[in-house]
Amino acid sequence: MRFISLPRASVWAQYQALSVNSTRFPGKVNSRPALIQLSKISNQQPWPSYLRVVPGPEATAASSTTPTPPAVYQSPKSGILSILPASWVPYAELVRIDKPAGTYYLFFPCLFSTLMAAPMAMPMASAGSVIGTSLLFFSGALIMRGAGCSINDLWDRNLDPHVSRTRLRPIARGAITPFKGLVFTGVQLLTGLGILLQFPLPCLFYGVPSLLLVASYPLAKRVTYYPQFVLGLTFSWGAIMGFPALGIDLLSHSAALTAASCLYASNVAWTILYDMIYAHMDIKDDAKAGIKSIALKHDAETKQVLTGLAFTQVGLLATAGWAAGAGPAFFIGSCGGALVTLGYMIKRVNLKSVKDCWWWFVNGCWITGGVISIGLAADYAVKMIEGPENQEVTQGQDSV
């Protein structure tokens, strides 16, 4: 604070009068007027603008940076969390049960591979088998997505308090201790193993290695700007699992191996695409907290990167369908539909709006995942109608 001019004499005279008058009352001998009194006197004077107190640059800077008040947790008032017992709510929040988009993104690759593998199985998988396998996959996706979230929050318990969107997560706010979170994660992993054992035995050997990827994704955010690639490797694992789940031996079936590999790579590209949009919601906080993401690395050319990922995804999806012997219903419905929906999303999404990024992240799952699933289901239905004769011809061509 700096003063442009000294106070006027009239104020000084009133100050002296107050000092003299204060000695006339018992108990206030030699007392001086309070600062508040002098302030009132000063404020009553018609000060010219050139004689006012002017704050210096330090004071101006301090006044313009008001500290953000700490976030206060409020118990859920609506949705599924509001009907759960209070002691369950932190654990339900930990597995993001109220935000199921992640479960759907984990389930769709499983559904894609199941629908693509069904016509390739010998004999062709029945509709009941496809539905039952898909339901088992959904159960596994629900449990393993929760386990992945728990592992992520345990890794990020010291980073989440610095990001506005994550600072009220259960472990970050202290509602669940790291030890209890670790025990709860172990229970989820054992439950996931129980579901995995319901599939044919080869699925166990294909499924267990994915746990290494589940545990490594949170670490990737600390060492590379491309943790979304690691997330893609993790979330897309189901694109392989549908084939052994329906009894197809990938190591002895070259067409199925090619289809599964291309479908897996296609889903990796899809995961990077949608998670790049998701990462834009936290881009400012991530930069402050030192968290790396592809959104930070390619902020200036995000839409170009998204476009490249979309073409990569659809190209690999088409290659997978070609290897699997898919028909026009797949190429028009799944590949064409994916290209249109992804293109529309990339054009419309406002990457500077957290709300808009979240909307497209949640709904893009159903829009793009839905059209791919419909195309695959239509192709499977056509082959079911055509009967086993066509399947024998296709299998013979594959063996040649």
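Just so you know, these numbers come straight off a predicted model, no measurement behind them.

K.L.:
Break down the overall build of the protein for me, with residues and values.
P.N.:
Counting its regular elements, the protein contains 19 helices and 2 strands. The 400 residues of the protein split such that 44% are buried. Across the protein, contacts joining residues at least 24 apart in sequence account for 76% of those joining residues at least 6 apart. Accessible surface, the protein as shown: approximately 21000 Å² in total, 67% of it carbon and sulfur.

K.L.:
Please provide a residue-by-residue account of the pattern of salt bridges, values included.
P.N.:
On inspection of all chains with the given rule, the structure shows 5 salt bridges. Here Arg169 makes a salt bridge to Asp160, at a shortest N to O gap of 3.9 Å. Judged by relative accessible area, Arg169 falls into the buried class, the value being 14%. A relative accessible area of 5% means that Asp160 is categorised as buried. Three or more residues joined by partner-sharing salt bridges are found here, namely Arg96, Asp153, Asp160 and Arg169.

K.L.:
Mind laying out a nonpolar patch on the surface, listing which residues take part and the relevant values?
P.N.:
The grouping of Ile80, Ile83 and Ile97 at the surface amounts to a nonpolar patch, some 280 Å² of accessible area in total. Position of Ile83 among the secondary structure elements: in the loop between α3 (57-64) and α4 (89-94).

K.L.:
Account for the environment of Tyr91, naming residues and giving values.
P.N.:
If you trace the backbone, Tyr91 turns up in helix α4. For Tyr91, a relative accessible area of 26% translates into the label partly exposed. Separated by 59 residues in the primary sequence, Tyr91 and Ser150 have C-alpha atoms spaced 9.1 Å apart. For Tyr91, the contacting residues outside a window of four places in its chain are Ile176, Lys180 and Phe184.

K.L.:
Describe the confidence of the model for the protein, listing the residues and the values that go with them.
P.N.:
With 78% of its residues at a pLDDT of 70 or more, the protein has an overall mean of 82. Predicted confidence for residues 1-15 stays below pLDDT 50, and this span has 28 contacts to residues more than four positions away or in other chains. Under a pLDDT of 50 for its full length, residues 396-400 has, in the predicted model, 1 contact with residues more than four places off or in other chains.

K.L.:
Tell me about the packing of helix α13 (residues 254-279) against helix α16 (residues 302-324), and name the residues and values.
P.N.:
When two helices pack together, you describe them by how their axes are tilted relative to each other and by the distance separating the axes. For the pair α13 and α16, the least separation of the axes is 8 Å and the interaxial angle reads 160°. Judged by the angle between their axes, α13 and α16 are roughly antiparallel. Two packed elements cross with a definite hand, and for α13 against α16 that hand is left-handed. Considering only residue class, the contact of α13 with α16 consists of 20 nonpolar, 6 polar and no charged.

K.L.:
Before we move on, can you summarise the nonpolar core with the specific residues and values?
P.N.:
With 80 residues, the main nonpolar core has Met116, Phe243, Leu273 and Ile277 as its most contacted residues. Here this core takes 15 residues from α13, the largest share from any one element. Excluding its chain neighbours within four sequence positions, the residues that come into contact with Met116 are Phe243, Ala259, Leu263, Ala320, Gly321, Ala324, Phe330 and Leu376.

K.L.:
Any details on the packing of α13 against helix α18 (residues 354-386)? Residues and values, ideally.
P.N.:
Look at α13 against α18: their axes get within 8 Å of each other, and the N-to-C directions meet at 160°. Considering the angle they form, α13 stands roughly antiparallel to α18. Contact with α13, carried on its side by Trp270, Tyr274, Ile277 and Tyr278, involves Cys357, Trp358, Phe361, Gly364, Cys365, Thr368 and Gly369 of α18 and no other residues of that element. In terms of residue class, the contact of α13 with α18 is built from 8 nonpolar, 3 polar and no charged.

K.L.:
Describe the packing of aromatic side chains, listing the residues and the values that go with them.
P.N.:
For the structure on display, the rule yields 21 aromatic pairs. Relative to Trp270, the ring of Phe108 lies with its centre 6.4 Å away and its plane at 65°, an arrangement referred to as edge-to-face. Of the two residues, Phe108 is situated in helix α5 (residues 101-117) and Trp270 in helix α13; the sequence distance between them amounts to 162 residues. For Trp270, a relative accessible area of 2% gives the class buried. The ring centre of Tyr73 lies 3.6 Å from the NZ or CZ of Arg173, which sits over that ring.

Calculation rules
- Residues numbered from 1 in each chain as written.
- Predicted model: local features only at pLDDT ≥ 70, side-chain atom pairs only at ≥ 80, totals over all residues.
- Heavy atoms only, no water.
- Helix = DSSP H or I, 4+ residues; strand = E, 2+ residues; numbered from the N terminus.
- Buried < 20%, exposed > 50% of the residue type's maximum accessible area, 1.4 Å probe, protein only.
- Contact = heavy atoms within 4.5 Å.
- Areas by Shrake-Rupley, 256 points an atom, 1.4 Å probe, with all protein chains shown as cover.
- Salt bridge = Lys/Arg side-chain N within 4 Å of Asp/Glu carboxyl O.
- Patch = residues over 30% accessible without salt bridge, like charges linked within 9 Å, V, L, I, M, F, W, Y side chains within 5 Å.
- pLDDT = per-residue confidence, 0-100.
- Axes fitted to C-alpha atoms, helices over the stretch in contact; angles between N-to-C directions.
- Parallel < 35°, antiparallel > 145°, perpendicular 65-115°, else oblique.
- Left-handed = near helix turned anticlockwise from the far one by under 90°.
- Nonpolar A, V, L, I, M, F, W, Y, C, P; charged D, E, K, R; others polar.
- Core = buried A, V, L, I, M, F, W, Y, C linked by side-chain atoms within 4.5 Å.
- Phe/Tyr/Trp six-rings, centres within 6.5 Å; stacked < 30°, edge-to-face > 60°.
- Lys NZ or Arg CZ within 6 Å of the ring centre and 35° of its normal.

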